[in-house]
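# Fold and contact review
Chain by chain, the residues run as shown.
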Amino acid sequence: MKHFTKWAVAAVVAGVTAGSAMAQELYAPNLAYRTGPFAATGIPLMNGQADYLTMLNERDGGIGGIRINGEECETGYSTEKGVECYEKTKSKAIVTQPWSTGITLQVLPKTNVDEIPILAPGYGFSPMADGTTFQWAFNTPSGYWDAADMIVQYLEGQGSLDGKTIAFLHLDHPYGKEPIPVLEKLAGEKGFELEPIPVGLKEMQNQSAQWLQIRRLRPDYVVMWGWGAMNAGAITEAVKTKFPMENFLGVWWAGHDADLKIVGEDGKGYKSISWSFPNPDAPVMADIQTHVVDKGLTKSNAEEMSGVFYSRGLIISAILAEGIRVAQEEYGTAEIDASQLRWGLENINMTEERISELGLDGMVPPFQTSCANHTGHSGGWMLEWDGEKFVKVSDLLTPNVAGYQDLIDEKAAEYAEANAPWAMNEECNVTN
Amino acid sequence: MLYRTVGQFKTTYEADQALFPVRQDAVLLGIILVLAWVIFPLTASEFTFQAILIPVLVFSLASLGLNILTGYAGQLSLGTGAFMGVGAYACYKMVTLMPWMNPVVAILLSGFFSAGVGVLFGIPSLRIKGFYLAIATLAAQFFLVWLFEKWSWLYNYNASGAIQVPNLDIFGVYVTGPQAASVTEYYVVLFVVTLLTMLCINLTRGNLGRTWKATRDMDIAAELIGINLMRSKLTAFAISSYIVGVAGALYVFSWKGAAEPNVFDIPLSFQVLFIAIIGGLGSILGNYLGAALIVGLPVVLNLLPAAFGIPIDSAMVEHLNIMIVGGLIVFFLIVEPHGLAQLWRLIREKLIIWPFPY
């Protein structure tokens, strides 16, 4: 019965919003994945995204007086469904959020023709940082190459890396291979040895072979680029083989609370770099409580809401909302279109003041985008699992982008050449 | 009534052996061809092209290829996805090494590479049968996907390990890549599919097709009447893999635009196998019906709640969708285990004798 009322309320609310939606709204679809093999990680992210937009709609009546329709289109993380969803939503959408490296790679060239901005926060193709080449793509606030650089920086802070061995445990997939160029470059510079250990998509849950290899290698550190079931697999395997957890680090997508809860105390010391952090005392959380949770508009629960992934979803929506606001101010209209939002997203200036104005204190580092810099390179914090939750163990780390700027330029140029004719942003004369 | 054959007299053997001895069949096919070649391109939206028309045609073609091997020649294969991959990677290498090449020619040529690989993995079929052969083709599946991942020359040493379709044009009109209009991509797919379907209908009715059917029905008997089993099985592997390879090239070049190795993994093989089984093994029409059911229907079902204004979560729609399509598959297989093509055959027979069943 309780479920039924919940559904009925949801139906009425959705009906009302759908009714008013006809009037005026900004359509910002999300290619969500609440089903399929990656659903466990997708649901908190999607809930965070949806709740932030609902909060804005409830509290302020949207952004600049116009409601935001963050409708989800279910992909189940499948690239085929991704195309379907992209095509279905693109006619009215002001933004597309592809949510998987595979879908991003597929949608990236299309958005350049269809002129819709892609918002891929913290994922996708790292050279998207080059805003003059990828004028429609945004991976704010930090990309994978930034993550690789920050992890190496952090490890260097623990002592010189010269002569050390770092095993790079990664998903054998475009996503997992992304940081290799930067890691290889850094290995050359800092003098450590990089040992890539791929995990096939079929072996995600059974990594005994990989961990046997790690035991034989005796690396000083293991850096993990994992996703979905691979993270839990690796963490339990590390506990089983008694690998010292404090030497085990992951990218932001490998820092899901639920994966660590499986091992609890044994996972103590595991680290994950992150550009988002759950701060239960932030004003935004209180607003979500009053305007979303208390009204029964959320699909989330208290435990999930205190996690890293929920707050990351929230930040992603906050970045989108900020882009919309900037565009509205620039063009003096609430009903912005896709190309105006593009301008907004490349002129975000998330200063400390702005972050606390939005009530996101301590949840995201400050960053600024420009037409040449679509990532912002915000940097991030090293989070550590203390047995119950993730805590910050470092000050804000900022990536040394200059170290791989030439790599970004080179790969971006390669991409543009392979996809010729490729429309570039010729007007942009800023350099980063 | 509509299907009355009264008055259609055949005065020559040729007329009796025509592709469509019943006039209504020919008319029906004509209507479908007009729909596909004229009406759909004029009316369809970009979404319809990208989410329904192109994928249904591509999957029909892949299933047609598999049907030659499994339905006509009786050799069970679980490697379809990997053979599609061979076609796609071959096409990608050809157009990047030889950018002057006509993309449609490249797509048609890429099938020869998968045909070669198919014959290679078909050799065990000379010694083993049935499930054992399925395991041998499964080996192809695993080996080839592994190769797509590890052999970086195949994807031009891309950091991401994925292949991206370049913009290619014929006489100034883009036919592949993001710059290509959906309708152009659709025509390329439709042209290739129509061409290969005609080829297959004729092949399966001819000498080679009869050889395959004899091999399928009882290989010892076939051998005793003088059929060379090696030739029969290997041609089936070659032609089937050719078509599957072309379907793979179209899958990436005319539809997806980018692909990483794991899209050619075993779920794709199963999907194509299911289309062939539900459509009907040993039929040409069945591939199209099966693809419409498995590839097209879920997309249409996904649109329904929004079309009727029913407020329902996208994830919920997806769950319902999986249940409905799954239920339909079970239903059709119970009603007609020989597939949708057989169902149509029965309906057609009933229509011909209606309203006076004997």
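Residues numbered from 1 in each chain as written. Chains lettered and ligands numbered in written order. Predicted model: local features only at pLDDT ≥ 70, side-chain atom pairs only at ≥ 80, totals over all residues. Heavy atoms only, no water.

Keep this limit in mind: UniProt positions are given in the numbering used here, feature names are shortened, and annotations may be inferred rather than shown by experiment.
The name given to chain B in an unreviewed UniProt entry is ABC transporter permease, with the source organism recorded as Pseudoponticoccus marisrubri. Under the UniProt heading Subcellular location (unreviewed entry), the note attached to chain B is "Cell membrane".

Looking up chain A in an unreviewed UniProt entry gives the name ABC transporter permease, with the organism given as Pseudoponticoccus marisrubri.

## Side note on the overall build of chain B
Definition in use: Secondary structure counts use DSSP, requiring at least four H or I residues in a row for a helix and at least two E residues in a row for a strand, with both numbered from the N terminus. C-alpha atoms define the radius of gyration, and 2.2 Å times the number of residues to the power 0.38 defines the globule rule. For this analysis, residues touch if any pair of their heavy atoms sits within 4.5 Å. All accessibility values rest on the Shrake-Rupley procedure with a 1.4 Å probe; residue burial counts only the protein chains present in the view. Neither His nor the chain ends is counted toward charge; the positive residues are Lys and Arg and the negative residues Asp and Glu. Charge coordinates come from a single atom per side chain, which is NZ of Lys, CZ of Arg, CG of Asp or CD of Glu.
Of the regular secondary structure elements, chain B holds 14 helices and four strands. Taking 358 residues into account, the globule formula puts the C-alpha radius of gyration at 21 Å, and chain B, at 21 Å, falls close to it. Overall, the C-alpha framework of chain B stretches about 70 × 60 × 45 Å when taken along its three principal axes. The contacts of chain B with a sequence gap of at least 6 include a subset with a gap of at least 24, amounting to 72%. When the accessible surface of chain B is totalled, it reaches about 16500 Å², and 72% of it is carbon and sulfur. Each charge class in chain B was averaged separately, 17 positive and 16 negative side chains, and the resulting centres sit 11 Å apart.

## Some thoughts on the domain arrangement of chain A
All names here are of chain A. Under the convention used in this document: Domain ranges listed in this record stem from an automatic or a database domain assignment. We define buried area as the total accessible area lost by two parts upon association, computed with a 1.4 Å probe and summed across both. The salt bridge criterion pairs a side-chain nitrogen of Lys or Arg with a carboxyl oxygen of Asp or Glu, the two atoms within 4 Å.
Assigned domains within chain A: domain 1 (24–142 + 280–378) and domain 2 (145–274). Relative to domain 2, the C-alpha centre of domain 1 lies at a distance of 28 Å. On the domain 2 side, the residues contacting the 25 residues of domain 1 number 16 residues. Here domain 1 meets domain 2 over a buried area of about 1800 Å², counting both sides, of which 61% is carbon and sulfur. Across the domain 1-domain 2 interface, the total number found is one salt bridge. Residue Lys261 is joined to Glu303 by a salt bridge in which the shortest nitrogen-to-oxygen separation is 3.3 Å.

## A closer look at the packing of aromatic side chains
Here the distance between the centres and the angle between the planes together describe a pair of aromatic rings. All names here are of chain A. What counts is decided by this rule: Aromatic contacts are taken between Phe, Tyr and Trp rings whose centres are within 6.5 Å, Trp giving its six-membered ring; a plane angle under 30 degrees counts as stacked, one over 60 as edge-to-face, and the others as tilted. Per-residue accessibility, obtained with a 1.4 Å probe over protein chains only, is compared with the maximum for each type, and a residue is labelled buried under 20%, exposed over 50%, and partly exposed between these values. By the criterion adopted, a ring carries a charge over it if an Arg CZ or a Lys NZ lies within 6 Å of its centre and within 35 degrees of its normal.
Across all of its chains, the model carries 44 aromatic pairs over all chains by this definition. Here the aromatic rings of Trp99 and Tyr123 are separated by 5.1 Å at their centres, their planes lie at 15 degrees, and the arrangement is stacked. Taken together, the residues Trp99 in the loop between α3 (79–89) and α4 (101–114) and Tyr123 in the loop between β3 (118–119) and β4 (137–138) connect sequence positions 24 residues apart. Tyr123 carries the same exposure label as Trp99, and that label is buried. Here a set of aromatic residues connected by ring pairs shows up, and it is made of Tyr33, Phe38, Tyr77, Trp99, Tyr123, Trp227, Trp253 and Phe309. Its guanidinium or amino end placed over the ring of Trp275, Arg312 lies 5.5 Å from that ring's centre, counting from NZ or CZ.

## Side note on the sheet that holds strand β5 (residues 165–171) of chain A
All names here are of chain A. Test applied: Pairing between two strands requires that DSSP report at least two bridges joining them. A fitted line through C-alpha atoms serves as each axis, taken over the contacting stretch for helices, and the angle formed by two N-to-C directions is quoted from 0 to 180°.
Pairing within the open sheet is mixed, and its seven strands lie in the order β6-β5-β7-β8-β9-β12-β13. Edge positions in the open sheet fall to β6 (193–199) and β13 (390–392), since each of these has one partner strand only. Put simply, the sheet's adjacent strands are angled 25 degrees from each other on average, direction ignored. Pairing analysis gives three bridges linking strand β7 (residues 221–225) to strand β8 (residues 248–250), with the strands arranged parallel. Counted as the bridge partner of Val222 is Phe248 from β8. Where helix α9 (residues 229–240) meets the sheet, its contacts fall on β5, β6, β7 and β8, and the angle it forms with β7 comes to roughly 160 degrees.

## Concerning the UniProt feature "domain: Leucine-binding protein" (unreviewed entry) in chain A
What UniProt calls "domain: Leucine-binding protein" (unreviewed entry) maps, in this numbering, to residues 31–387 of chain A. Along residues 31–387 of chain A, the helical share is 44% and the strand share 12%, with 33 Å between the first and last C-alpha atoms.

## Focus on the packing of helix α13 (residues 308–331) of chain A against helix α14 (residues 338–345) of chain A
Residues and elements named next belong to chain A. This is how the line gets drawn: Roughly parallel means an angle under 35 degrees; roughly antiparallel, over 145; roughly perpendicular, 65 to 115; everything else is oblique.
The contact between α13 and α14 brings their axes to 7 Å, and the two run at 110 degrees. The orientation of α13 relative to α14 falls into the category roughly perpendicular. From α13, Ile319, Leu320, Gly323, Ile324, Val326, Ala327, Glu330 and Tyr331 reach across to α14, where they touch Gln340, Leu341, Trp343, Gly344 and Leu345.

## Looking at the packing of helix α7 (residues 182–205) of chain B against helix α8 (residues 207–217) of chain B
Residue and element names in this part refer to chain B. As a reminder of what qualifies: Polar here means any residue outside two lists: the nonpolar Ala, Val, Leu, Ile, Met, Phe, Trp, Tyr, Cys and Pro, and the charged Asp, Glu, Lys and Arg; Gly therefore counts as polar.
Contact geometry of α7 with α8 gives a least axis separation of 4 Å together with a crossing angle of 65 degrees. Mapping the contact onto sequence places Leu203, Thr204 and Arg205 in α7 and Asn207, Leu208, Gly209, Arg210, Trp212 and Lys213 in α8. Broken down by class, the residue content of the contact of α7 with α8 amounts to three nonpolar, three polar and three charged.

## Observations concerning the pattern of salt bridges
Tallying each qualifying case throughout the model produces 30 salt bridges over all chains. Between A:Asp60 and A:Arg59 there is a salt bridge, with the nearest N and O atoms lying 2.9 Å from each other. Given a relative accessible area of 41%, A:Asp60 falls into the partly exposed group. The partner of B:Lys150 in a salt bridge is A:Asp172, with the nearest N and O atoms 3.1 Å apart. With one member in each of two chains, B:Lys150 in helix α6 (residues 130–150) and A:Asp172 in the loop between β5 and α6 (174–177) form a pair that bridges those chains. Overall, the relative accessible area of 39% leaves B:Lys150 in the partly exposed class. Given the relative accessible area of 7%, A:Asp172 is considered buried. It is possible to trace a salt-bridge network through shared partners that takes in A:Glu87, A:Lys90, A:Lys110, A:Asp114 and B:Glu46.

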